[in-house]
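Read off the chains here:
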Amino acid sequence: MVTLQQMRDSNAQIERLPPGLVAVFVGATRGLGEATMKQFARHAKQPRIYFIGRNCWAGNKIARELEQLNPSGQYLYIRADVSLLRVVDKVCLEIRRRENAVNLLFLNTSTMQDKTSKSRKLISSKALTRGPLTSTTETDEGLPYQLAVMYFSRLRFITNLSSLLYSATGLRRVVSIFAGAREGWVYRSHWADEGRELHMSSSPCSLHAIPHYSSLMTLALEACAKRAADEHLRAGLGNGLVSFVHTDPGEIPKNYWSDIPGVRATVLRMICRTVMWVMKNDLKLPMEEAGERQLFFATSRRFAPKEGSKDEHDGDGVPLVEGVTVAKGTDGIIGSGVYSVDVEGETSERTVSELSELKRGRFAPLVWEQVEREFVAITGGTFDMNT
């Protein structure tokens, strides 16, 4: 277990990393994404931060607050609805036009919205099977809304920006906040059509679905790490490998239903805030502390890339502080480059065991195959060729 003080000691050394670190925060106009981004701006030297969200008023307000925290930094808010993969492509293209490298990609997109939209089917009905986790809500691109926000859009950002990540120096990392170290049983289809179907739903926030989606997220990150490393290192591109960290937010105050309009949602928000106020002393993590923990996951050498950098330790992040060692990866090997950790920065033996079981057959490759099928069906390619 890494103590909070050790995390803070590590964060205090971020200023020793090269100046001008470039970070992309997706889902950072409220909650934990905002808290972590502010911690990053406070500690980094001359950072350049892109942050993406839907609330223009909040985005502009946060940009002013970031300037007050660190006047030497540059802060660009990009308003976008990242539930649509084509919009993700446009955002990535804008970043690619401005930058040659990205040090940190921090993914925290989330939603409680579950409102049926008028959608047109751009993908086969067999691409998303209807099973025990089913919902009918879809985006205009035909994906389950919550799943598009919390799963597919994150993976699209990774694939589109991978070359920039591999070109960075000092720090090369992807962090995805969802349900790290909570992997478990995965609902599978009846293997129709050559076993190409996986149960997916638009309700990854449901308690019974968390182990399912935690496993899918981690397996997808492993696939991203392997495929990108093979591609970039085989071509001799970039400066070395990237590390991927699937984290858990912990017990933090949550602004439920904040992205849902209407009277009913307003009433639910008021009830939720009242309950949170009553229970505030029982909450384990104040938001500021949660942001400090996520910043540690995003910058510490404890979660270093797998060996393979051109220069030893380049891209590893902040050197280890006293008493902290390199973490165990999702394959059970220390320093293997992909990590799924709880709020204390630990990978559980149960996580390693659950993932090992899933990877024994053909299931693990199917996870990424399905992601690519959706990418191709909606955008025409496995990544945006224009980026």
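### Some thoughts on the overall build of the chain
Along its length, the chain carries 11 helices and 7 strands. Relative to its 387 residues, the chain shows a buried fraction of 57%. Put simply, of all contacts in the chain between residues at least 6 apart along the chain, 78% involve residues at least 24 apart. Working note: accessible area of the chain is about 16900 Å², and carbon and sulfur atoms make up 52% of it.

### Side note on unusual backbone geometry
The phi dihedral of Gln 46 falls on the positive side, at around 50°, and the residue is not glycine. Counting through the fold element by element, Gln 46 comes out in the loop between helix 2 (31-43) and strand 2 (48-53). You can call Gln 46 partly exposed: its relative accessible area is 44%. The backbone phi angle of Ala 181 is positive, close to 65°, even though this residue is not glycine. With respect to the helices and strands, Ala 181 occurs in the loop between strand 5 (173-177) and helix 6 (192-195). Residue classification places Ala 181 among the buried positions, given a relative accessible area of 10%.

### Describing the sheet that holds strand 3 (residues 74-79)
The 7 strands are arranged 3-2-1-4-5-6-7 in an open sheet whose pairing can be described as parallel. The open sheet has two free edges, formed respectively by strand 3 and strand 7 (338-341), since each of these has just one partner strand. In this sheet, neighbouring strand axes are inclined to one another by 15° on average, regardless of whether the strands run parallel or antiparallel. The pairing of strand 1 (residues 22-26) with strand 4 (residues 104-107) spans 4 bridges and is classified as parallel. Bridge assignment links Ala 23 to a residue of strand 4, and that residue is Leu 104. Lying over the sheet, helix 5 (residues 145-166) contacts strand 1, strand 4, strand 5 and strand 6 (243-247), oriented at roughly 175° with respect to strand 4. Helix 9 (residues 287-299) contacts strand 4, strand 5 and strand 6 of the sheet and is inclined by roughly 145° relative to strand 5.

### Considering helix 5
Given a rise of 1.5 Å per residue, 22 residues ought to cover 32 Å, and the 30 Å separating the end C-alpha atoms of helix 5 matches this to within 8%. Remark: the principal bend of helix 5, roughly 50°, maps to Asn 160. Most of helix 5 sits inside the fold, with 21 of its 22 residues counted as buried.

### Examining the nonpolar core
By size, the foremost hydrophobic cluster in this structure holds 61 residues, and its most contacted members are Ile 95, Leu 105, Tyr 151, Leu 155, Phe 157, Ile 158 and Phe 244. Contributions of two or more residues to this core are made by strand 1, strand 2, helix 4 (85-98), strand 4, helix 5, helix 7 (210-234), helix 10 (349-358) and helix 11 (363-379). The leading source of residues in this core is helix 5, at 14 residues. With residues near it in sequence (within four places) discarded, Phe 244 still touches Ile 158, Val 174, Leu 221, Cys 224, Ala 225, Gly 337, Val 338 and Tyr 339. Formed by 40 residues, the second largest nonpolar core is a distinct cluster that contains Met 37, Tyr 75, Leu 171 and Tyr 339.

### Here's the deal with helix 3 (residues 56-69)
With 14 residues, helix 3 should reach 20 Å at 1.5 Å per residue; the first-to-last C-alpha distance of 20 Å fits that figure. Among the residues of helix 3, those classed as buried are Ala 58, Gly 59, Ile 62, Ala 63 and Leu 66. Seen from one end, helix 3 has its buried residues packed into an arc of 140°, which puts them on one side. Summarising the geometry of helix 3, the exposed residues directed more than 90 degrees from the buried face are Trp 57 and Gln 68. Where helix 3 is buried, its residues contact helix 2, strand 2 and strand 3. Measuring from the backbone nitrogen of Trp 57 back to the side-chain oxygen at the start of helix 3 gives 3.1 Å, which picks out Asn 55 as the cap.

### Remarks on the side chain of Asn 108
Considering the arrangement of structural elements, one finds Asn 108 in the loop between strand 4 and helix 5. A distance of 3.4 Å separates a polar atom in the side chain of Asn 108 from the backbone oxygen of Gly 27. The residues touching Asn 108, leaving out its near neighbours within four places in the chain, are Val 26, Gly 27, Leu 32, Gly 33, Arg 154 and Ile 177.

### What to know about the layout of surface pockets
Here the second largest pocket is characterised by a volume of approximately 590 Å³. Every residue lining the second largest pocket is counted, 24 residues in all, and those nearest its centre are Glu 222, Ala 223, Ala 225, Lys 226 and Val 338. Sorting the residues of the lining of the second largest pocket by element identifies helix 7 and helix 11 as the ones contributing at least two each. Element by element, the count of residues in the lining of the second largest pocket is highest for helix 7, at 9 residues. The residue makeup of the lining of the second largest pocket, split by class, is 12 nonpolar, 4 polar and 8 charged.

### A short note on the pattern of salt bridges
Inspection of every chain in the model, using the stated rule, returns 16 salt bridges. Between Asp 89 and Arg 156 there is a salt bridge, with its nearest N and O atoms 2.8 Å apart. One end of the pair, Asp 89, is in helix 4; the other, Arg 156, is in helix 5, and 67 residues separate them in sequence. The pair Asp 89 / Arg 156 is uniform in exposure class, with both members buried. Ionic pairing is found between Arg 227 and Glu 372, a salt bridge with its closest N-O pair at 2.7 Å. In this pair, Arg 227 is assigned in helix 7 and Glu 372 in helix 11, connecting sequence segments 145 residues apart. Taking the relative accessible area as the measure of exposure, Arg 227 reaches 43% and is therefore partly exposed. Look at the salt bridges and you will find they share partners, linking Glu 34, Lys 38, Lys 61 and Glu 65 into a network.

Reading the values: the criteria
Each chain has its residues counted from 1, following the order in which its sequence is written. In keeping with the model being predicted, local features are shown solely for residues with a pLDDT of at least 70 and side-chain atom pairs are shown and tallied solely at 80 or more, while totals for entire chains, interfaces and linings include all residues. To obtain the side-chain values, all non-hydrogen atoms of the structure were included, while hydrogens and water were left out. The secondary structure listing takes helices from DSSP runs of H or I that are at least 4 residues long and strands from runs of E that are at least 2 residues long, numbered from the N terminus. Relative accessibility thresholds used throughout: buried, under 20% of the residue-type maximum; exposed, over 50%; partly exposed, between the two (1.4 Å probe, protein chains only). A contact between two residues is defined here by any heavy atoms of the two lying within 4.5 Å. Here, Shrake-Rupley sampling with a 1.4 Å probe gives the accessible areas, and only protein chains in the shown set may cover a residue. Any two strands between which DSSP finds at least two bridges are classified as paired. Orientation is described by lines fitted to C-alpha atoms, with helices fitted over the stretch in contact, and by angles between N-to-C directions that extend from 0 to 180 degrees. One less than the number of residues in a helix, times 1.5 Å, gives the span that helix is expected to have. A residue's bend is simply the angle between two axes: one fitted to the seven residues ending at it, one to the seven starting at it. Buried Ala, Val, Leu, Ile, Met, Phe, Trp, Tyr and Cys residues that are joined via side-chain atoms within 4.5 Å together make up what is termed a nonpolar core. Directions drawn from the helix axis to the C-beta atoms are what define this arc. Polar contact criterion, stated in full: a pair of N or O atoms within 3.5 Å, where within protein one must be able to donate a hydrogen and the other to accept it, and residues adjacent in sequence count only if both atoms are side-chain atoms. For cavity detection a 1 Å grid was placed over the protein atoms alone, and a set of points counts as a cavity when a 1.4 Å probe fits there but cannot get out; an open set counts as a pocket when protein lies on both sides within 12 Å along at least five of seven lines, with lining residues being those that have an atom within 4 Å of a point. Grid points are joined across faces, edges and corners, and a volume is the space filled by probe spheres set on the points. Residues were grouped as follows: Ala, Val, Leu, Ile, Met, Phe, Trp, Tyr, Cys and Pro as nonpolar; Asp, Glu, Lys and Arg as charged; and all remaining residues, including Gly, as polar. Each reported salt bridge corresponds to a side-chain nitrogen of Lys or Arg within 4 Å of a carboxyl oxygen of Asp or Glu.

Purely geometric stuff here, so don't read any function into it on its own.
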